[in-house]
Amino acid sequence: TKIAPIPNEKPNCVKKYLLKSLERLKVKKLDTLLLHNDTCLKTNNAKNFVFQLKKMVRQGLVKKIGLSSYDPRNCLIFCRKYGFRVAQLPASIIDNRLFQKNYLQKFKKNKIEVQVRSIFHQGILLTSPRQKHNIPRDSIHFTRQFRSMCRTKKINPVAAAYSHVAKQSKIIKIIFGASNLKELNEFIKAAKSNKKKILLKPPVWKNSFLPNNWKKT
């Protein structure tokens, strides 16, 4: 579960959001509670927010706390500083930042669990987006190359995208969402396959590739 305190919200909102999640999920304890971003950690109330998060662990309402972020460097800094045990970051055949600069080894050294999300880069690796004008052209071009190579090699794009990330390291945990049983089964099948990685050089990384930076119209 992720919580995202709004600007000027007090630290005691942490328990309010957590209790709502427990009620919605009909469970008594969560495995992991993540801050949706690092916004509240850049305020004067940062230590109080962290105190509340750790308090939820002491009260037995959650097992682990951590941070969801777009930036491996900033995430590592905050996890070290506040003792977070989980880091959730995006990674894909387009976005390889997490696999550079020994970030994974640094997280491991600090005993921080790494969860990887967005392995399909918001779905554009699998299907052509409807609103292409919102997304950088070079990333769109790359996804077309990716799908074309998958067709040539007769590899399911889901399996290829999964394999690229999964083969990077055994210490990461891949997080994904499925809107129906068909999608779930397709992902499970991809995870069990031993397809080789698609040998396709990703485009030079730009911050505009981040989905939260795509222009909204």
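Residues numbered from 1 in each chain as written. Predicted model: local features only at pLDDT ≥ 70, side-chain atom pairs only at ≥ 80, totals over all residues. Heavy atoms only, no water.

### Considering the side chain of Ser 21
Applicable threshold: A helix here means a DSSP run of H or I that spans at least four residues, while a strand means a run of E at least two residues long, and both kinds are numbered starting from the N terminus. Throughout, exposure labels follow a simple rule: accessible area from a 1.4 Å probe, protein chains only, divided by the maximum for the residue type, with under 20% read as buried, over 50% as exposed, and the rest as partly exposed. The criterion used for residue contact is that any of the two residues' heavy atoms lie within 4.5 Å.
Relative to the helices and strands, Ser 21 is located in helix α1 (residues 13-25). For Ser 21, a relative accessible area of 4% puts it in the buried group. Ignoring any residue separated from it by four or fewer positions in sequence, one finds Ser 21 in contact with Thr 1 and Leu 30.

### Remarks on the pattern of salt bridges
Opposite charge on two side chains permits them to pair, given that their charged atoms come into close proximity. For clarity, the cut-off: One speaks of a salt bridge when a side-chain nitrogen belonging to Lys or Arg is within 4 Å of a carboxyl oxygen belonging to Asp or Glu.
Throughout the structure, instances matching the rule amount to 7 salt bridges. Lys 42 is the partner of Asp 38 in a salt bridge, and the nearest nitrogen-oxygen pair spans 3.4 Å. Classification of Asp 38 as buried rests on a relative accessible area of 13%. The class of Lys 42 is exposed, set by a relative accessible area of 57%. Between Lys 206 and Asp 138 there is a salt bridge, with the nearest N and O atoms lying 2.7 Å from each other. Placement of the pair is Lys 206 in the segment after α7 (181-192) and Asp 138 in helix α5 (residues 137-153), with a sequence separation of 68 residues. Judged by its relative accessible area of 27%, Asp 138 falls in the partly exposed class. Taken together, the salt bridges that share partners define one network made up of Asp 31, Lys 64, Glu 113 and Lys 173.

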